[in-house]
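Descriptive analysis of the structure
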Amino acid sequence: SAGSYQNDTGATGCHDCKQGSYCPEGASAPRPCEAGSYSDKTNLDSAGGCEGCPEGHACTTGSVAPMACRAGTFAAGSRNAECEPCKAGSYQSATGAAGCVACALGSFCPVGASLELPAACEPGTYANATDDGGLPDCFDCPAGSSCGGGAAPPAECSPGSVTATPGLFKCERCSAGSYQNDTGATGCHDCKQGSYCPEGASAPRPCEAGSYSDKTNLDSAGGCEGCPEGHACTTGSVAPMACRAGTFAAGSRNAECEPCKAGSYQSATGAAGCVACALGSFCPVGASLELPAACSPGTYANVTDGDGLPDCLDCPAGSACPGGAAPPTPCESGHFASTPGLSKCERCFAGSYQNDMGATGCRDCKKGSYCEPGASRPLPCEGGSYSDKTDLSAASQCTPAAPGHIAARGSTEQTACGAGSFARGTRNEVCELCVEGSYQGATGASECTDADPGHFATTGATQQTPCAKGSYAATAGLSKCERCEPGTTSGVGSSACSECAAGTYAANPGQGQCVPCPYPLGSERGAVICSFCQKDFYLLQSADPIEIFSSPTDYCKPCPPSAECSDNTALATIGVPAGYWRASPSSAVLTACRDFGGDRAGEARCAGNERGAKQASRRLEEAGSDEYCAPGFTGPECQLCAAENHYLVDGDECKECAPRGAAAGRIAGIVLGLCVACGLTVWAYSMTAWRKKTFIGPLLRFADRSVKYYVGGGMTAKVKILFGFYQISTVLSSTYSARLPDKYTGWTDKLANAISIDWSGFILPEQCLGYGERLVVSALSPVVLIALLMGTGIALRLHVWRTASPRPKLWAEAALGLLDLTPAGLVLIFCFVPSISASIFRSWSCQAYTISPPNEPLEQVSYMRQDASVECGTDKHESITGLAIGFIVLWPAGSLVLFTSLLIACSKPLRAKSPNALTKATAFLHREYEKTWYWWEAVELARKLVLTGFVLLIPEKNAFLRLVVATLVCSCYAVVLAVVRPYKRVEDDVLAVATSLALLLLFLGTNWTTIFLGIEERSGTDDADAVLGFGSLNGIVDTMIVLVVFALVFFLIGAVVAARRVAKIPKFRLVSTTQPPELSIVLGLTWHLFNSHIWSTGQDAVKVIKGELQQLLPGIKIFLDVDDLEDIGALEEYIRRSQVILFFLSKGYFRSKNCLREIRSSLEMDKPIVLVQEADPAKGGATLQALRDECPEDLQPDIFEKGWTHTIYMRVEEYQRVSLKTIVEAVLLCSPNYVNQSSLQLCVPGEPESQPLAFAKDTMLWASPANAGAQVLAEEIATTFAGLIVSTAEAPGPATHMLLYLNEDSFVSDERLAEQVKQARKDKLKIVMAHENDPDLGGCLFSKFFETTPQELIADGLYKSLARSCFPGRHHPVSLALLAKDLGATPARSGSVASVSRLSASIAEHGSRLFLKISRRSSATATTAGDGSGGEATVSVDSVEPGCLGGGGAGACLTSAAALTADATAEAPWP
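Numbers given to residues run from 1 along each chain, matching the order in which its sequence is written. Predicted model: local features are reported for residues with pLDDT of at least 70 only, side-chain atom pairs are reported and counted for 80 or more only, and whole-chain, interface and lining totals are derived from all residues. Side-chain metrics rest on all non-hydrogen atoms present in the structure, leaving aside hydrogens and water.

Only DSSP runs of H or I reaching four residues or more are called helices, and only runs of E reaching two or more are called strands; each is numbered from the N terminus. Helix and strand counts for the protein come out as 37 helices and 85 strands. The proportion of buried residues among the 1471 residues of the protein is 44%. In this analysis, two residues are considered to be in contact whenever any of their non-hydrogen atoms come within 4.5 Å of each other. The contacts in the protein between residues at least 6 apart in sequence include a share of 54% that link residues at least 24 apart. Accessible surface, the protein as shown: approximately 70,700 Å² in total, 55% of it carbon and sulfur. Classification of residues uses two cut-offs on accessible area relative to the type maximum, computed with a 1.4 Å probe and protein chains only: under 20% is buried, over 50% is exposed, and between them is partly exposed. Only the protein chains shown count as cover for residues, and all accessible areas are computed by the Shrake-Rupley method using a 1.4 Å probe.

In this section: the environment of Asn1091. Here Asn1091 is to be found in strand S74 (residues 1087–1092). The class of Asn1091 is buried, set by a relative accessible area of 2%. For the pair Asn1091 and Phe1119, spaced 28 residues apart in sequence, the C-alpha separation works out to 6.0 Å. Beyond its immediate sequence surroundings of up to four residues, Asn1091 is in contact with Val1102, Lys1106, Ile1118, Phe1119, Leu1120 and Leu1142.

As a further point, take the pairing of strand S70 (residues 653–656). Strands pair, by our definition, only if DSSP identifies at least two bridges between them. Bridge count for strand S69 (residues 646–649) against S70 is 4 bridges, and the pairing is antiparallel. Residue pairing in the sheet places His646 in a bridge with Glu656 of S70.

The topology assignment puts Arg594 in the loop between strand S66 (591–592) and helix H3 (601–605). Residue Arg594 is classed as partly exposed on the basis of its relative accessible area of 36%. Distance in space between the C-alpha atoms of Arg594 and Tyr580 is 8.9 Å, their sequence separation being 14 residues. If we skip the residues at most four places from it in the chain, Arg594 touches Gly602, Arg605, Glu637, Gln639 and Tyr849. Pairing of N or O atoms within 3.5 Å defines a polar contact, subject to two protein rules: one partner must be a possible hydrogen donor and the other a possible acceptor, and residues neighboring in sequence count only if both atoms are side-chain atoms. Polar contacts involving the side chain of Arg594 include one to the side chain of Glu637, which spans 3.2 Å.

Note that patches include only residues with greater than 30% relative accessible area and no salt bridge, and the join distances are 9 Å for like charges and 5 Å for nonpolar side chains (Val, Leu, Ile, Met, Phe, Trp, Tyr). We count a salt bridge whenever a side-chain nitrogen from Lys or Arg sits within 4 Å of a carboxyl oxygen from Asp or Glu. His residues and chain termini do not enter the charge count, which takes Lys and Arg as positive and Asp and Glu as negative. Think of each charge as sitting on NZ of Lys, CZ of Arg, CG of Asp or CD of Glu. A grouping of Asp599, Asp650, Asp652 and Glu653 is seen on the molecular surface, where their side chains present a negatively charged patch. Residue position: Asp599 is located in the loop between S66 and H3.

This next bit is on the confidence of the model for the protein. Taken as a whole, the protein shows an average pLDDT of 82; of its residues, 87% reach a score of 70 or greater. Counting interchain partners and residues more than four positions distant, the pLDDT-below-50 stretch residues 754–761 has 21 contacts. Every residue gets a pLDDT, meaning the predictor's confidence in that residue, from 0 to 100.

Take the nonpolar core next. The biggest cluster of nonpolar side chains holds 40 residues, and the ones touching the most others in it are Ile840, Trp891 and Leu925. For this core, the secondary-structure elements that each account for two or more residues are helix H7 (715–729), helix H11 (771–803), helix H13 (822–841), helix H14 (875–890), helix H15 (892–905), helix H17 (917–921), helix H18 (923–926) and helix H19 (936–948). Per-element tally for this core: the top contributor is H13, with 8 residues. Those residues within four positions of Leu925 in sequence are excluded, and the remaining contacts are Leu826, Phe899, Leu902, Leu903, Tyr934 and Glu937. Grouped together as the second largest cluster of nonpolar side chains are 31 residues, Ala1101, Ile1116, Ile1118 and Leu1229 included. Buried residues of nine kinds, namely Ala, Val, Leu, Ile, Met, Phe, Trp, Tyr and Cys, make up a nonpolar core once their side-chain atoms join them within 4.5 Å.

Moving on to the side chain of Ser1162. Tracing the backbone shows Ser1162 in helix H27 (residues 1153–1164). If near-sequence neighbours (up to four positions away) are discounted, Ser1162 is found in contact with Ile1135, Ile1141, Phe1143 and Lys1167.

Across the sheet, which stays open at both edges, the 5 strands sit in the order S75-S74-S76-S77-S78 with parallel pairing between neighbours. In this open sheet, the two edge strands, each paired with only one partner strand, are strand S75 (1118–1119) and strand S78 (1205–1208). Each of S74, strand S76 (1138–1145), strand S77 (1169–1173) and S78 is contacted by helix H30 (residues 1213–1229), which is oriented at about 160° to S78, the strand it contacts most. The axes used here are C-alpha line fits, helices contributing only the stretch in contact, and every angle between their N-to-C directions lies in the interval 0 to 180 degrees.

In this model, H19 (13 residues) spans 18 Å end to end at C-alpha, consistent with the 18 Å of a helix rising 1.5 Å per residue. The buried fraction of H19 is high, at 10 of 13 residues. Buried residues of H19: Trp936, Glu937, Ala938, Glu940, Leu941, Arg943, Lys944, Leu945, Leu947 and Thr948, and no others. A helix's residues, less one, multiplied by 1.5 Å, set its expected span.

This part takes up the packing of aromatic side chains. Two aromatic rings, drawn from Phe, Tyr or Trp (for Trp, its six-membered ring), form a pair once their centres lie within 6.5 Å of each other, and the interplanar angle then sorts them: stacked below 30 degrees, edge-to-face above 60, tilted otherwise. Overall, the coordinates contain 29 aromatic pairs when judged by the stated rule. Ring centres of Trp933 and Trp935 lie 5.4 Å apart, and the angle between their planes is 65°; on these two criteria the pair is classed as edge-to-face. Trp933 sits in the partly exposed class, given a relative accessible area of 24%. Site record: aromatic cluster; members linked through ring pairs are Phe723, Tyr726, Phe830 and Phe924. Looking at Lys720, its charged tip hangs above the ring of Phe924, at a distance of 4.3 Å from the centre. Only Lys NZ and Arg CZ are tested; either one counts as a charge over a ring when it is within 6 Å of the ring centre and within 35 degrees of the ring normal.

In this section: the packing of H13 against H19. Closest axis-to-axis distance for the H13/H19 pair is 9 Å, and the angle between their directions is 25°. For the element pair H13 / H19, the angle class is roughly parallel. Our pair here, H13 against H19, has a crossing hand that is right-handed. Every residue of H19 that contacts H13 at Phe830, Val833, Pro834, Ser837 and Ala838 is listed here: Glu937, Leu941, Lys944, Leu945 and Thr948. The residue inventory of the contact of H13 with H19, partitioned by class, reads 6 nonpolar, 2 polar and 2 charged. When describing relative orientation, an angle under 35 degrees is termed roughly parallel and one over 145 degrees roughly antiparallel, while 65 to 115 degrees is termed roughly perpendicular and anything else oblique. Crossing handedness is read from the near helix: turned anticlockwise from the far helix by less than a right angle, it gives a left-handed crossing, and turned clockwise, a right-handed one. Polarity classes work like this: nonpolar for Ala, Val, Leu, Ile, Met, Phe, Trp, Tyr, Cys and Pro, charged for Asp, Glu, Lys and Arg, and polar for all others, with Gly in that last group.

All right, on to the side chain of Lys944 then. Relative to the assigned elements, Lys944 resides in helix H19. Buried and without a salt bridge, Lys944 has Glu940 as its closest oppositely charged side chain, separated by 4.8 Å. Among the polar contacts listed, one links the side chain of Lys944 to the side chain of Gln727, at a separation of 3.4 Å.

Let us now look at the environment of Thr634. Inspection of the secondary structure assignment puts Thr634 in strand S67 (residues 633–634). Taking the C-alpha atoms as reference points, Thr634 and Arg605, separated by 29 residues in sequence, lie 9.0 Å from one another. In contact with Thr634, not counting residues within four places along its chain, are Asp626, Cys629, Gln639, Leu640, Cys641 and Ala642.

One pass over the structure, following the stated rule, counts 35 salt bridges. Glu987 is paired through a salt bridge with Lys718; the nearest N and O atoms lie 3.5 Å apart. Of this pair, Glu987 sits in helix H21 (residues 986–1018) while Lys718 sits in helix H7, placing them 269 residues apart in sequence. Note on Lys718: relative accessible area 15%, which makes it buried. Close ionic contact of Glu1315 with Lys1318 constitutes a salt bridge, the shortest N to O distance being 3.5 Å. One end of the pair, Glu1315, and the other, Lys1318, are both in helix H32 (residues 1312–1322), 3 residues apart, so they sit about a helical turn from each other. According to the relative accessible area criterion, Glu1315 is partly exposed, its value standing at 49%. Residues joined by salt bridges that share partners form a network here, namely Lys718, Arg985, Glu987 and Asp988.

Next up on the list: the state of the cysteines. In what follows, a disulfide is any cysteine sulfur pair within 2.5 Å. Counting across every chain of the model gives 33 disulfides. A sulfur-sulfur distance of 2.2 Å marks the disulfide that ties Cys191 to Cys197. Taking the torsion about the S-S bond as the criterion, the Cys191 to Cys197 disulfide, at about 80°, is right-handed. Both residues of the pair, Cys191 and Cys197, count as buried. Here Cys227 engages in a disulfide with Cys233; their sulfurs sit 2.2 Å apart. Residues Cys227 and Cys233 are joined through a disulfide that is right-handed, its torsion about the S-S bond being 75°. You'll find Cys227 and Cys233 in the same group, each marked buried.

On the surface, a nonpolar cluster with roughly 470 Å² of combined accessible area is contributed by Tyr685, Val707, Tyr710, Val711, Met715 and Val719. If you list the elements that add at least two residues to the nonpolar patch, you get helix H6 (696–712) and H7. Of the residues forming the nonpolar patch, the biggest block, 3 residues, is contributed by H6. When you line up the elements, Tyr710 lands in helix H6.

In C-alpha cells form, the structure reads like this:
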C-alpha cells in the first residue's frame, strides 16, 4: 500500500517507508524527498508530503531534518537545497541566518566571513573600505577629531578639547583662560567677564557671590576681586553695586545689603552701617530717616501711610501704652488687659491665675491647688490634704485625708494605703509599712495583722508566708522560721518537724525533704546518712558509713543472678535459693545446679540457705561445707552422693552401684551381639536371590535404592562434613567451659552422649567407676573392636587361601585380608577419634568455681567435669592426666599419623591416576577430594582434634583463650576452604564452607556469652547490657542459633543451586551418580587413547574427536600425531604407552604403511581396540565390507571378528555425542577404576535422548496407511513419549501433524501418498518428515527422493523443511527424541521417570530388533550402516560374550591392566 515498500521477492509483508523518503503504492524501494525538502515520517506516499526547508536552513536530497546554515552562510527564503556564503564586505556570526550583516567601517570582511576582522591603521589615521574587495584604506584623521589607529573610526573631540589640524591621534585641552562648549571643535573661546576658565574648561565658571571681575582671561576663582564695603556683588558680577538708603553692607565681599533694624535709619547710599533714632522719634525697619511722635496714654505711634509720618493708634488688648513715642508694653504674669487703649494692666482675681505675658484674661485655679489675688501660678494643697475644686483661694480650703488614706502635696483626691501598709488618723501624707511579724492584705487599712503559727511575715508584708520545707514557726507573730534538725524535715507551713522515713536521709539542717538514699544504699527512720545496701544489693565489705556513702557503687553490688538480697544484706549473708550452690560465702557467684536428666532435680538436690537468709540473725556458711545441699548429697553442685558406692539417678536420687564383673559381662555380650548382627546383615545383603522374597525382599530392595541414592548423591562427603560439624558444636560446654542455657545444651548433650564411645558409662554409671578406669575402657575398646575387625578380614582371606590352588604367598594374602576391611576400620576411626580424643583431653577439663570476693584477685577451686569427686591440681588428678598423655599418643596423635601415613603411601598412584589395592582400601580418606588435595582428610582431622581436644591443654583459668584459639582456627579454615575448594563436588565445597562459617558463628556467640557472664558476675547485668547490647544470656544464644541456621540454610540453598548449575555443563557423566567418571590409567602408560588414522581421509575427523572428548571428558589424554608425534620411528613405543587404540576406518587406511605398523603393534601388544567407521563417501567413507576388503587378509579376523567396539562417526552434534559416548565407554572399561565392570551408562546434560519429553497438550499424529513404515514409527514415538495420539485412518481428520516416513519405497509403493501429501499441504497440516537410514528398513540416500517424489511436490517446496534422520542402534533414541520435539514435545514436569523408562525400553527394543536382524546373517558377514549416514552395530555378534567388550575387548583390558599392574607393583610397598 502507499507509504510502504518491499525490495525482496517472495515476501509476505511490506516495510514501512523510511524517513526522508516517500513510497507511492507498489513501491519496490523508498524514493528520497527532493532537495529543499525533508521528512521525519515513515508513511509518506508522495513527494508533496515532504515539508519545505525553512528559512536559514538547507535540505539535501532525502533529508530527514533541516540543517541550519553554519556561521558565514545564509539561506534567504524557504526550500533551499544549500546555504550561500556571505559576500565580501559582509559577515554572519550566527547559525541558521537568513541574511548577512554589513561589515562596519574600519573592519575587514572577506567572502564567507563569520566575524568582522579589524584593520591595522596607524595612530592619527582611520580605516575605510574604498573598493569592492572590502579591503580598507587608512586616511588622516579630520580636524576636530582624534584617531587611535587600528580599526577605530574618528572620534569627535569632547567639549573642553580641540584638534586644530588633521592627522592627530588625540585631542588637546583648551588652555587656561579659554573654553569650548561644543564637540568636534578646532579652537577655544576667550573666557567671559564675571567668570574664570581653568584648563580644559567646557564652559565659563561665574565668580562666587561677594566677588566680581571685568576681565576675560581669568583662569581661577582667585582672580575675581572682593566686593568693597558698602557694596554688594551677586554671583557672576562684572562690577560692585552700592547699597541704597535704609540699607548697609559692613565689611567687604558682601553678596547683598542688609536693611536697618527698627530704632535705626540710614539716609545715604553705599553706607557701611545705620544711625540710631533720636528720642521722641520713630524709626521702623529699613528707615531712611527719623519720624517725630507725641501720642496720648493708651495709644502708640506707627507709620500707616506712604508719607512716612507716624499715626497714634490704640494700645492693643493685653498691653499697656503710657503715651508719647513709647511702643505698647505686654502685661506681666498675674495681670491682664482685657480691652484695647489701656494705659496699665489689672491683677488676676482670687481663685484665678495667669502665667503668660500680654494676657487679655486669667485662668481658673487648678484642682489640688489654690490661687491668691494676682497669682502668676496655682499653689498646691499641703501634704495630707487634697481638692477637686478650681476656685480655692487659700490652703485652708483643701480637704484633709481620712484614716487609712494619704494625700500628697497638690493631690486632687485621697489615696488608699496599699496592701502591706497602714495610716492611723487623718492628714497623713505617707503610709507606714507593716512591722515584722505582721501583714496587711487589704488596701485603706489603719492597722496590720500578726502572722499565724507555721507562717512568718517580713516588713511591709501583704500576706503571711508559710514556712518553707525544712523549716517551722512554733508561735504567731514571727518574722522568720527556724530550720529543722538533721534527720528531720517538714512540709510547707509546718509548726513542727518530722523524722525522715526509712530509705531516706537528711544530712543537713533545714532540708526541705528527705533525700532518697543514693543508689543502691538504704537507711533507717530519722537517718542523717545512708549506711547499708538496699534490697537486691549486698555489701561487698565492711567500711566506715561515710566512706560507704561517698562511694556506694564501690561497696554495694547488684545481687548475683538468682540470689536473694534483702535490705542490709552483706556478701556473707546472701540468700542462696533452692536449685543453686556457691563454693564459698566470700563468693558472689551462684551456680545453677544441673538437673542431670531429672525434672527440677537441681532444686531438690541443692536446698540453698533461703530460709536462713530471711532470718534476722544470719548465719555464715563455711567455705566448702555442704550447708547448701539437701541431706544425702555433697560435692560441687551437690552432684555427689554422700554415701559410698552410690551414684546419682535422675539428678535427685542416689542408688547403689552394681558389681563391676556383671557390668563387664554385659559389655562383652553387647559387643559380641553387635558383631554378630553386623555379620548377619552383611551376609543377608549379599544374598541376591533374597530380594524376591516376601518379607526380607522389600527391605533389601530398599537398601539397594538407598545405597544407589547415597552413592549417586555423593553423600559420604556430606555426611562427613555434617558429622564433623556436629562433633565440634557439641563440645562447647564441656571443652570451652561455655555456660549456655539448657535449651541449647540439653539436646546437644543428649546427642553427644548417644554417640560417645564410653562403654563403661553406658553399662556402669559414671560415678561407680573412676574417670581413670572409664578412660581406659573408652580408649581401648575401639582398638579391640578394630583389631577384631582386621583379624576377621585376615581370617576370611586365609580360609579361602587354604582351598586355593595354587596357593599365593601367605603374607600377600594376609595383607589383602587386612586391606579388605581397612575401609570399615577407617570409618570406625573417623567416627571414634573425635569423641575418644575429646574424652582423653577432658582429663584436663575442669569446672572452676569462684571462691574470692569480686573486688579481689580471682581465686577459684576446680573439679573435673567428668568426675566431680576429683579436685583439679591434686595428686589424684595428676594420675588421670598422666594416663591421658599416653592415650594421646594412641588416639589423637596416632590417628593423625595413621591417616597421614596412608595418604603419603597413596600419593604416587593417586597423582598418576593409577589406583592400586591400597588406594581402593583407603578410598574413604581421599575419594571425595580432588587429586591435588587428596591429603585434605588429614587436615580436617587435625582441625577437629584441635577444636575438640588439644585446646583443653590450655589451663582452665585461661578458658577464654581456648575460645580465642578456636575462633582463629575456624576463621582461617573457612578462608582456606573457600580458596582451595578441595572437594570434587561443588556442593560439598559450599557445604564445607557453610559449616565452617556456622562454627565460626557458634564460637563468636560463645565468646559473647562468656564475656556477658563475666561482666554480669563482676559488675552486673546493666553493665553487660551496656557493653554488649544484650540484656540476657538467652538473647545472645537465640541470636547465635538464628545466625547459624540462616548461614546453613543460605549455603545449603547455594549448594543446591551450584550443583544444578554444574549438572548442566555438557560433560560426560555416569548415569548412576550423575557425576563425571573418574579417569584412571594403568601405571606406566601415558595416553588413555591412541588415534590411528590416515592423513588424507581421517585427519579432520580424529582431530574433532580429540577436541570433543577433551571438552566432554576433561583430563583425558589422547595421542594425535600432529600434536604428540616426535619420532615416526617410535610408533610402536607410542602404542605401548597407550591404554586403548582407536582405528579410524576410512578409504586408504589399510594401505598406509604407518597405519599397518600401528595396527600390527596394537595386535601384538594385545591392546584394546575401538573401531570408528567413516561412512560418508564424500569424506572418504565406505561400507564396513568395503573397508574390510582393503584390509590384509591376515589381519581381518583380529580386527573384524573379535567383537571390538564399533561405532559410526557422525557429524551432527546430537548423533556425534552418541558415537563419542561409545568411545568413552570403551576407554573407561579398560581403565583400572572400571576394568571389572561390563558396561557403563553415560549421559551428557541436555542430550535429547536423556530428556524426559512429553506432550503438554493433545497432539494427534496421522500416519497414513499409504505410507509404509509410518505407522510403526508413529506408534514407537507414542509409546516412548506420553501424550501423543496416533491416527491411522485414511484421512487426517482432527490430526495436528502428519508423519511422512521416507525410505526407498516412499511415493513408489502406493500412489495415494502423493495425493495425501498434496492435500495436507493445501490444508496447512504440519508435515514432519523422517528419513530412514537403516538399509534393513529401506534406508537410502536422500538424493533418491528427488527421483521418486512427484515433481509438483518438489516444486511446491516439500523438501524446503529438513527431514529428521532415523538411525539404527544407539543413535535411534536420538532420532525419536528429535522427532518428538518437532511434533511439539517439551520436557515433562511430571511423570519424568515413566518417560525415561519408556525411552530406555525403546532403546532396548530397537537394539534387540537390530540384534535379531543381524543375527540372522552369517557370522562372517559384518553389519553395515547402509550408505554410512548413521547407525551403529556390533561387528560380529557370534563372538560377543555377555558382560565383556568382546572376545578381545574386555579380556584385553583385563590382561593389559593386570600385566601393567604387576609391573608397577613390583616396586610398590603394597600389593
